[in-house]
There are 6 protein chains.
Amino acid sequence: SRTSVWLTIAHMVLFVNGFVCKDPKEVTAEDFFLAAKLDMPRDTKMSKVGSIVTLLNVMRIPGLNTLGISLARIDYAPLGENPPHTHPRASEILTVLEGTLYVGFVTSNPDNKLFWKVLNKGDVFVFPQGLIHFQFNPNPYKPAVAIAGLSSQNPGAITIANAVFGSKPPISDDVLAKAFQVEKKTVDWLQAQFWADNH
Amino acid sequence: SRTSVWLTIAHMVLFVNGFVCKDPKEVTAEDFFLAAKLDMPRDTKMSKVGSIVTLLNVMRIPGLNTLGISLARIDYAPLGENPPHTHPRASEILTVLEGTLYVGFVTSNPDNKLFWKVLNKGDVFVFPQGLIHFQFNPNPYKPAVAIAGLSSQNPGAITIANAVFGSKPPISDDVLAKAFQVEKKTVDWLQAQFWADNH
Amino acid sequence: SRTSVWLTIAHMVLFVNGFVCKDPKEVTAEDFFLAAKLDMPRDTKMSKVGSIVTLLNVMRIPGLNTLGISLARIDYAPLGENPPHTHPRASEILTVLEGTLYVGFVTSNPDNKLFWKVLNKGDVFVFPQGLIHFQFNPNPYKPAVAIAGLSSQNPGAITIANAVFGSKPPISDDVLAKAFQVEKKTVDWLQAQFWADNH
Amino acid sequence: SRTSVWLTIAHMVLFVNGFVCKDPKEVTAEDFFLAAKLDMPRDTKMSKVGSIVTLLNVMRIPGLNTLGISLARIDYAPLGENPPHTHPRASEILTVLEGTLYVGFVTSNPDNKLFWKVLNKGDVFVFPQGLIHFQFNPNPYKPAVAIAGLSSQNPGAITIANAVFGSKPPISDDVLAKAFQVEKKTVDWLQAQFWADNH
Amino acid sequence: SRTSVWLTIAHMVLFVNGFVCKDPKEVTAEDFFLAAKLDMPRDTKMSKVGSIVTLLNVMRIPGLNTLGISLARIDYAPLGENPPHTHPRASEILTVLEGTLYVGFVTSNPDNKLFWKVLNKGDVFVFPQGLIHFQFNPNPYKPAVAIAGLSSQNPGAITIANAVFGSKPPISDDVLAKAFQVEKKTVDWLQAQFWADNH
Amino acid sequence: SRTSVWLTIAHMVLFVNGFVCKDPKEVTAEDFFLAAKLDMPRDTKMSKVGSIVTLLNVMRIPGLNTLGISLARIDYAPLGENPPHTHPRASEILTVLEGTLYVGFVTSNPDNKLFWKVLNKGDVFVFPQGLIHFQFNPNPYKPAVAIAGLSSQNPGAITIANAVFGSKPPISDDVLAKAFQVEKKTVDWLQAQFWADNH
């Protein structure tokens, strides 16, 4: 199947067997199109963190291959969030379609400065490649919606808490206890939780 | 002024005097933010072609420098269009927020195939780098709105008709008459028109 | 066949089945060579616009793959031209071998400045990536010849008039009439012409 | 000073005022050299996590500018670790000079697979760009030492725990409590700790 | 002066003070033009190796900056040669305008295969980036001429014999004697010769 | 076999049939690991030039593909050397683990400046992409050891003397005699020697 040829680790997708090898005479407008229903709210109740990311990357639209761009819609429940995460291969530019978002990113060592803003409808914010960033809907009653462009056809996403505490197999609790300055039993408890990403 | 240091010809923006030379201790969240009012309809009556493009590139958001991404909102009047144009340094991924759009791009020589679709709200389409593309709102009563991500902090835009018939100074009518298979007086008439871009 | 694996839309050629997969022990000097007869005038009578482009790209010389370079010879009839066109993936540097050329490119929106020169034998001019450019032989009696280097193994070429008025299927005449400020019947007439590229 | 012109957020370093503008006649071997004492053990007692990273990037060796490479030595105390971190702009290849290391990286969503190994002296491991990775010295008595190459002259480093719980100003505890499935008072306690990076 | 800001060591030219900082309103067609007299034979009598390279790079044509392309004309005396050399930052595609050339490049370790051809007028050959290559005019009576495109605005050129035996200061004769399997006095004699490059 | 798909001429490795096409579910930590024994001295007696390079590139560690990094250990006999060579696709940063090294690189035409240093244990030096460079152990009694990072997963290496005098088939002695200012019989004698690279 097409999916089987993607190298999903951390590499740029340079080659897709099922697509690039396609006879170009057989490429059609369908390869550059998706009836993505990006206008439709997604049900954020399914998400523990109260958000759903709909990412349209090269796995969803084959024509994106080599083009260095993708698009996402993010739905936020009231008090929902897109928790701290990074894109290993992309920068992001986001605008708020509905609601309000408290957003930010943290600069790298040694400063670890938080650059943050409260965004209203129509505001725009930029998250540089590889930096930890988040969006949170502070409104307890109303949902929020954002649209974002990403500078890769396969940006990848790493939800920090999930990768750290929910990896399979788990990272040694010695490592995590020391890194997070907590006791090993706390790490063990965290690793026993259910970590689902919001994609 | 800051604007004066941008090299706007056709080069990637590699250097912005007013920004990159800034002491990084003085960089703040403001450099990554814009109160862009992307949620607000623009008045397409000002545009002969019935559309307005609001492009947020590195000239508008200095923090985009080197990040390879930008974002645009396009407003379309009823029967308005974003006329055939290219981005010399970017691919584009677009989604329809409101209304309907007839969109397409033309492949390069020798085939010049038109890949086209009618997009409804929530649909997504991709325009590969450097190819001539357009969007047209076929609805005579209702406006349309789209959001697009572009794979450069300075994509550039070349409105084909304007660059060909509206350049300053004009291209020789000998050249254009032969290229477009029309008489020189037709070219002269076209060159005498007013060509304004929709940005 | 080898041709069948090229992705000719707008992507960089990253992969050529018939070549990259070749056992490197079987690669020879022939893969880097072409008896191209670039010294021989081509018959420009075959061309409506009075020019013939001989482009040596990766489809012609497999060893160019990934090397980011190609070479072209252009023959111009008296009063012939290489009509307004763009290369979606390459900049170009050209020198005149024989004759005289009126050349130019147009900068992107909003300025659409025409940068032009009359080139004599031995002069050199640069056309930045993705910008609309042309060359015209103003001499009614003598042909002209140029050689050009291009910064991609697969630069692509889009003849503006052909892509706009000669696409298959045609672009809606609503779109083109508004873009070019002409009546739809003019567009229809143009679309009924024969558009052949000069490659 | 030279330091003041570095753009340390997340951008590639494209421009260094004090260096690139230097008259090339004044560039000497010193610009490509550092008496870095990479052979000398660093005192890991200073580090809460029991490790010290000595990173030789373009800020330390100006001649690295634009060259896409840097080098690091890492010292590990007995039971010390280089805690979970990412490099936003570089992949890494590491070899163990002394001792033993438990190392790993976690793939991106949705799998979050831990790829891990116990490395002995002379073994080599690769950490792909932007992925969360760590090294831990499981030996309670002996230190360990590693050398690593990184694919950028300015790789950047983000210590996950520090960026998440030690940013200045802190990230809202609403955001972190939900992301890490803990109570806000736990977040508050964590944010009150001292978070120093090991560089 | 403008020249003083080029970083000529081995880095890509990313920044040119006198040009990129120029107010774009002051950029003109002159920045993309050179009356290079590429049609005129150069006097190869000045050259010990019987060839003259006329390279049009970004130092000669400022508009080439960031465009990734340059152009060269090479004149060869009868029995003259462009001796073994490399371009550290460019691939090359060459065509013969006049005469005959014996050309070749050597693949990297461990094979060191020579890929060679005798080129006649109009033939084309490709030299991949960084590989040692040469052209030699085997005709004892007639000169030869070639034109070449290179995939960088600043390709650089390293004449092997000159860099090895003519560096300033000289490389230790211990190093060269062992590398070239000759006696130190042979190296000393070679280093005492005059090494001028043919650019 | 896997090896058969590598394009070893001078191209970046963009595609590896046996690896990239692998079902990503079958990728494991083993693809990012090598029990390389980089801590073990290699027997330099096998080498005419008194050095052995152990290069860990993408042919040795498949997970390096697309990551832009590799690592090398170099062993030097007393008075041994890594003779003048270039990496066509990588810059290098080197540190001395044991002993002393006289190192240098030569800048490109026209200056051919030698930038050199004597490195002691723990010192670091940078060799820019494509420039001729060397390391020599001046100590007649003690071996030396270095570790180097390289900015490509497939840097390539060209030993200058071997490529020039040991190519298969040999370069014409006319070409080499003129380039190196020696008699053809000297070239013939050199070409009759045995040229083995130290990798």
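What you see is a predicted model; the values in this text were computed from it and never measured. (Residues numbered from 1 in each chain as written. Chains lettered and ligands numbered in written order. Predicted model: local features only at pLDDT ≥ 70, side-chain atom pairs only at ≥ 80, totals over all residues. Heavy atoms only, no water.)

Colleague: Break down the relation of the copies chain A and chain D for me, with residues and values.
Modeller: When chain A is fitted onto chain D, the two copies agree to an RMSD of 0.0 Å after a turn of 180° and an axial shift of 0.0 Å. Here the copies are linked by what is in effect a two-fold axis. Comparing contact sets, 100% of the residues at the interface of chain A also lie at the interface in chain D, consistent with an isologous, same-surface contact. (Least-squares fit on C-alpha atoms with pLDDT ≥ 70 in both. Contact = heavy atoms within 4.5 Å.)

Colleague: Break down the relation of the copies chain C and chain E for me, with residues and values.
Modeller: Screw-axis analysis of chain C against chain E gives a translation of 0.0 Å along the axis, an RMSD of 0.0 Å, and a rotation angle of 180°. In this assembly, 100% of the residues forming the interface of chain C have copies in chain E that are likewise at the interface, indicating an isologous arrangement.

Colleague: Kindly report on the sheet that holds strand S11 (residues 158–159) of chain F, identifying the contributing residues and their values.
Modeller: All names here are of chain F. Strand order in the open sheet formed by 5 strands is S7-S6-S9-S4-S11, and the pairing between neighbours is antiparallel. With partners counted over all chains shown, the strands left at the sheet margins are strand S7 (114–119) and S11, one partner each. In the sheet, strand S6 (residues 101–106) pairs with strand S9 (residues 132–136) via 5 bridges, with the strands oriented antiparallel. In the strand pairing of S9, Phe105 is matched with His133. (Pairing = 2+ DSSP bridges. Helix = DSSP H or I, 4+ residues; strand = E, 2+ residues; numbered from the N terminus.)

Colleague: How would you sum up the interface of chain C and chain E? Please name residues and give values.
Modeller: Taken together, the 44 residues of chain C in the interface contact 44 residues of chain E. For the pair chain C and chain E, the summed buried area comes to about 3,400 Å², and 74% of that belongs to carbon and sulfur atoms. Where chain C packs against chain E, one counts 2 salt bridges. With its nearest N and O atoms 2.6 Å apart, the salt bridge here joins C:Lys117 to E:Glu30. Across the chain C-chain E interface, the total number found is 10 residue pairs in polar contact (both at pLDDT 80 or more). Going through the elements one at a time, strand S1 (33–34), strand S3 (70–76), strand S5 (92–98), strand S7 (114–119), strand S8 (124–127) and strand S10 (144–150) of chain C are the ones with two or more residues in the side of chain C that touches chain E. It is S7(C) that provides the largest number of residues to the side of chain C that touches chain E, a total of 4 residues. A breakdown of the residues in the side of chain C that touches chain E according to their chemical character gives 27 nonpolar, 9 polar and 8 charged. Inspection of the sheet shows S8(C) paired to strand S1 (residues 33–34) of chain E by 2 bridges, in the antiparallel sense. Across the sheet, the residue bridging to C:Val124 is E:Leu34, located in S1(E). (Buried area = accessible area lost by both parts, 1.4 Å probe. Salt bridge = Lys/Arg side-chain N within 4 Å of Asp/Glu carboxyl O. Polar contact = N/O pair within 3.5 Å; in protein donor to acceptor, adjacent residues only side chain to side chain. Nonpolar A, V, L, I, M, F, W, Y, C, P; charged D, E, K, R; others polar.)

Colleague: Describe helix H3 (residues 173–180) of chain F, listing the residues and the values that go with them.
Modeller: Residue and element names in this part refer to chain F. Counting buried residues in H3 gives 6 out of 8 residues, a clear majority hidden from the surface. Within H3, burial applies to Asp173, Val175, Leu176, Ala177, Ala179 and Phe180. One side-chain oxygen at the N-terminal end of H3 lies 3.1 Å from the backbone nitrogen of Asp174; it belongs to Ser172. Just downstream of H3, Gln181 is the residue with a positive phi angle, here 55°. (Buried < 20%, exposed > 50% of the residue type's maximum accessible area, 1.4 Å probe, protein only.)

Colleague: Let's hear about the pairing of strand S3 (residues 70–76) of chain E: which residues, and what values?
Modeller: Residue and element names in this part refer to chain E. Of all 7 residues in S3, 7 are buried, a share of seventy percent or more. Side chains Ser70, Ala72, Ile74 and Tyr76 of S3 all project onto a buried face; the interleaved residues Leu71, Arg73 and Asp75 project onto the opposite face, where all are buried too. When S3 meets strand S10 (residues 144–150), the two strands line up antiparallel, connected through 7 bridges. If you follow Arg73 over to S10, its bridge partner there is Ile147.

Colleague: Talk me through the sheet that holds strand S7 (residues 114–119) of chain D; I want residue IDs and the actual numbers.
Modeller: Strand-to-strand pairing in sheets goes through backbone hydrogen bonds, with the strands running parallel or antiparallel. As summarised here, the arrangement of the 5 strands in space is S7-S6-S9-S4-S11 (chain D), forming an open sheet in which the pairing is antiparallel. Each end of this open sheet is capped by a strand with a single partner; those strands are S7 and strand S11 (158–159) of chain D. Looking at chain direction, strand S4 (residues 81–86) of chain D and S11(D) are connected through 2 bridges and run antiparallel. When the sheet's bridge partners are listed, D:Thr86 is paired in S11(D) with D:Ile158. Sheet contacts for helix H3 (residues 173–180) of chain A: S4, strand S6 (101–106) and strand S9 (132–136) of chain D; angle to S4(D), the most-contacted strand, approximately 80°. (Axes fitted to C-alpha atoms, helices over the stretch in contact; angles between N-to-C directions.)

Colleague: Explain the domain arrangement of chain A residue by residue, including any values.
Modeller: Residues and elements named next belong to chain A. Parsing chain A into structural domains produces domain 1 (2–156) and domain 2 (159–199). In this complex, domain 1 contributes 13 residues to the contact, which on the side of domain 2 involves 5 residues. For the pair domain 1 and domain 2, the summed buried surface comes to about 700 Å²; carbon and sulfur atoms form 59% of the total. The three residues of domain 1 that bury the most area against domain 2 are Lys48, Val53 and Pro84, which together make up 48% of that side's buried surface. The interface formed by domain 1 and domain 2 includes 0 salt bridges. There are 5 residue pairs in polar contact (both at pLDDT 80 or more) connecting domain 1 and domain 2. Of all the secondary structure elements, the ones that give two or more residues to the side of domain 1 that touches domain 2 are strand S2 (51–56) and strand S4 (81–86). In terms of residues, the side of domain 1 that touches domain 2 owes the most to one element, S4, which gives 6 residues. Along the lines of polarity and charge, the residues of the side of domain 1 that touches domain 2 split into 6 nonpolar, 5 polar and 2 charged. (Domains from an automatic or database assignment.)

Colleague: Quick rundown of the interface of chain A and chain D? Include the residues and the values.
Modeller: On the chain D side, the residues contacting the 63 residues of chain A number 63 residues. Taken together, the two surfaces of chain A and chain D that pack against each other cover about 5,100 Å², and 64% of this comes from carbon and sulfur. On the chain A side of the interface with chain D, the three residues burying the most area are A:Asn109, A:Lys178 and A:Gln181, jointly 13% of the side's total. Summed over the shared surface of chain A and chain D, the number is 0 salt bridges. Taken together, the connections running from chain A to chain D amount to 20 residue pairs in polar contact (both at pLDDT 80 or more). Breaking the side of chain A that touches chain D down by element, the ones donating at least two residues are S4, strand S6 (101–106), strand S7 (114–119), strand S9 (132–136), strand S11 (158–159), helix H2 (160–165), H3 and helix H4 (184–192) of chain A. Looking at the side of chain A that touches chain D residue by residue, the classes come out as 38 nonpolar, 17 polar and 8 charged.

Colleague: I'd love a proper account of the side chain of E:Ser167, names of residues and values included.
Modeller: Of note, E:Ser167 is situated in the loop between helix H2 (160–165) and helix H3 (173–180). Residue classification places E:Ser167 among the buried residues on the basis of a relative accessible area of 5%. There is a polar contact of 2.7 Å between the side chain of E:Ser167 and the backbone oxygen of E:Pro169. A distance of 3.4 Å separates a polar side-chain atom of E:Ser167 from the backbone nitrogen of E:Ile171. Discounting residues that sit within four places of it in the chain, E:Ser167 has contacts with E:Asn162, F:Val106, F:Asn112 and F:Leu114.

Colleague: Before we move on, can you summarise the packing of helix H3 (residues 173–180) of chain B against helix H4 (residues 184–192) of chain B with the specific residues and values?
Modeller: All names here are of chain B. One can describe the packing of H3 onto H4 by two numbers: an axis separation of 8 Å at closest approach and a directional angle of 110°. One way to sum up the angle between H3 and H4 is to call them roughly perpendicular. Handedness of the H3/H4 crossing: right-handed. Counted together, Asp173, Asp174, Leu176 and Ala177 of H3 and Lys184, Val187, Asp188 and Gln191 of H4 form the full contact between these two elements. Classifying every residue of the contact of H3 with H4 by side-chain character gives 3 nonpolar, 1 polar and 4 charged. (Parallel < 35°, antiparallel > 145°, perpendicular 65-115°, else oblique. Left-handed = near helix turned anticlockwise from the far one by under 90°.)

Colleague: I'd like a rundown of the UniProt feature "binding site: oxalate" (unreviewed entry) in chain A, residues and numbers included.
Modeller: Residues and elements named next belong to chain A. Following the UniProt record, one finds the feature "binding site: oxalate" (unreviewed entry) at Asn82, His87 and Glu92. Tracing the chain through its elements places Asn82 in strand S4. Once residues lying within four places of it in the same chain are set aside, the contact partners of Asn82 are Ser51, Val53, Ile74, Tyr76, Phe134, Gln135 and Asn198. Secondary-structure assignment places His87 in the loop between S4 and strand S5 (92–98). Once residues lying within four places of it in the same chain are set aside, the contact partners of His87 are Glu92, Gln129, Gly130, His133, Leu150, Pro155, Gly156 and Ala157. Within polar-contact distance, the side chain of His87 engages the side chain of His85 at 3.4 Å. (UniProt positions renumbered as here; feature names shortened; annotations may be inferred.)

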